[in-house]
Amino acid sequence: AGVGVVATDSSDVTLRSLDVHGFAARGFLAGRLTDWTLEDVRIAGNGWAGFDGDVEGEDSNSGTVTFRRVSIVWNGCGETYPGGEPTGCWGQTAGGYGDGLGTGATGGDWVFEDCTISHNTSDGLDLLYHDGGGTIRLDRVRAEGNAGNQIKTMVEAHITNCVVVGNCGYFDGQAF
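Draft legend 1. Region of the structure containing the overall build of the chain. Per the secondary structure count, the chain includes zero helices and 15 strands. In summary, the chain has a C-alpha radius of gyration of 15 Å against a globular reference of 16 Å for 176 residues, a match within 12%. Each principal axis of the C-alpha atoms in the chain carries an extent, and together these give about 40 × 35 × 30 Å. Intrachain contacts of the chain at a sequence separation of at least 6 include 62% that bridge at least 24 residues. For the chain, the exposed area adds up to about 7600 Å²; of that, 48% sits on carbon and sulfur atoms.

And the structure:
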């Protein structure tokens, strides 16, 4: 399938204990969200992007969007079957996309707790287009090995107890 979860214009949603992986394009294509929570979710090995918030038309989010114990890894890559290992990785320089999580214009409070954002073929966390109508909070997040920026924000961000390793050349020379 092309996309795992498609959502627009929805509110008060909680998603728990999901493994959204191996989709041809995106794990999530979701925008215009209000008060969403993802808990114990793995978003991995989706060919275009992990969580793409750039939906058609207006795509700004509001309320609180919470990621708790979420793993956003290896997006921009396919997966081997049955092993689920990364393969066929491609980023923007090769015509792909590869953000772990990226949005268009957005607002709201974005909260990331106990998350791993790693080895995506472009930016790990791209909230550069946040309009300032809310904040970004990262607590106990590990971001490393993403081929672009590990964490990209433009508004007030509270980053505590995080490990951010800027080794964006990770993919250079890898067999996959």
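Draft legend 2. Region of the structure containing the side chain of Asp 59. With respect to the element layout, Asp 59 can be found in the loop between strand 3 (49–52) and strand 4 (62–73). There is no salt bridge for the buried Asp 59, and the closest opposite charge comes from Arg 32, which lies 6.9 Å off by N-O distance. Within the local environment of Asp 59, its side chain forms a polar contact with the backbone nitrogen of Val 55, the two atoms lying 3.4 Å apart. Residues in contact with Asp 59, not counting those within four places in the same chain, are Gly 31, Arg 32, Gly 53, Asp 54, Gly 104 and Ala 105.

Draft legend 3. Up close: unusual backbone geometry. For the bond running from Tyr 81 to Pro 82, omega is 10°, close enough to zero to count as cis. On the secondary structure map, Pro 82 appears in the loop between strand 5 (78–79) and strand 6 (86–87). Even without glycine at this site, His 119 takes up a positive phi of about 55°. If you trace the backbone, His 119 turns up in the loop between strand 9 (116–118) and strand 10 (125–127). You will see that Asn 161, though not glycine, has its phi angle at about 55°, which is positive. Along the polypeptide, Asn 161 turns up in the loop between strand 14 (157–160) and strand 15 (163–165).

Draft legend 4. Summary view of the pattern of salt bridges. Applying the stated criterion across every chain yields a total of 13 salt bridges. For Asp 19, the salt bridge goes to Arg 42, with nearest N and O atoms at 2.7 Å. Placement of the pair is Asp 19 in strand 1 (residues 3–21) and Arg 42 in strand 2 (residues 26–44), with a sequence separation of 23 residues. For Arg 68, the salt bridge identified is with Glu 113, shortest N-O distance 2.8 Å. Here Arg 68 is found in strand 4, whereas its partner Glu 113 is found in strand 8 (residues 109–113), with 45 residues between them in sequence. Where salt bridges share partners, they join Arg 16, Glu 39, Arg 68, Glu 113 and Arg 137 into one cluster.

Draft legend 5. Broad picture of the pairing of strand 4. Pairing analysis gives nine bridges linking strand 2 to strand 4, with the strands arranged parallel. The residue bridging Ile 43 from the neighbouring strand is Ile 72, located in strand 4. Two strands pair when backbone bridges link them, and strand 4 and strand 9 are joined in this way by three bridges, in the parallel orientation. If you follow Val 73 over to strand 9, its bridge partner there is Ser 118.

Draft legend 6. Representation of the nonpolar core in the model. Ranked by internal contacts, the top residues of the largest apolar core, which has 28 residues, are Leu 38, Phe 67, Leu 101 and Phe 112. Broken down by secondary-structure element, the contributors of at least two residues to this core are strand 1, strand 2, strand 4, strand 8, strand 10 and strand 11 (136–139). The element contributing the most residues to this core is strand 2, with seven residues. Once you skip the residues sitting within four places of it in the chain, Phe 67 turns out to touch Leu 38, Phe 51, Leu 101, Trp 110, Val 111, Phe 112, Glu 113 and Cys 115.

Rules of the game
- Residues numbered from 1 in each chain as written.
- Predicted model: local features only at pLDDT ≥ 70, side-chain atom pairs only at ≥ 80, totals over all residues.
- Heavy atoms only, no water.
- Helix = DSSP H or I, 4+ residues; strand = E, 2+ residues; numbered from the N terminus.
- Rg over C-alpha atoms; globule rule 2.2 N^0.38 Å.
- Contact = heavy atoms within 4.5 Å.
- Areas by Shrake-Rupley, 256 points an atom, 1.4 Å probe, with all protein chains shown as cover.
- Buried < 20%, exposed > 50% of the residue type's maximum accessible area, 1.4 Å probe, protein only.
- Lys, Arg positive; Asp, Glu negative; His and termini not counted.
- Salt bridge = Lys/Arg side-chain N within 4 Å of Asp/Glu carboxyl O.
- Polar contact = N/O pair within 3.5 Å; in protein donor to acceptor, adjacent residues only side chain to side chain.
- Pairing = 2+ DSSP bridges.
- Core = buried A, V, L, I, M, F, W, Y, C linked by side-chain atoms within 4.5 Å.

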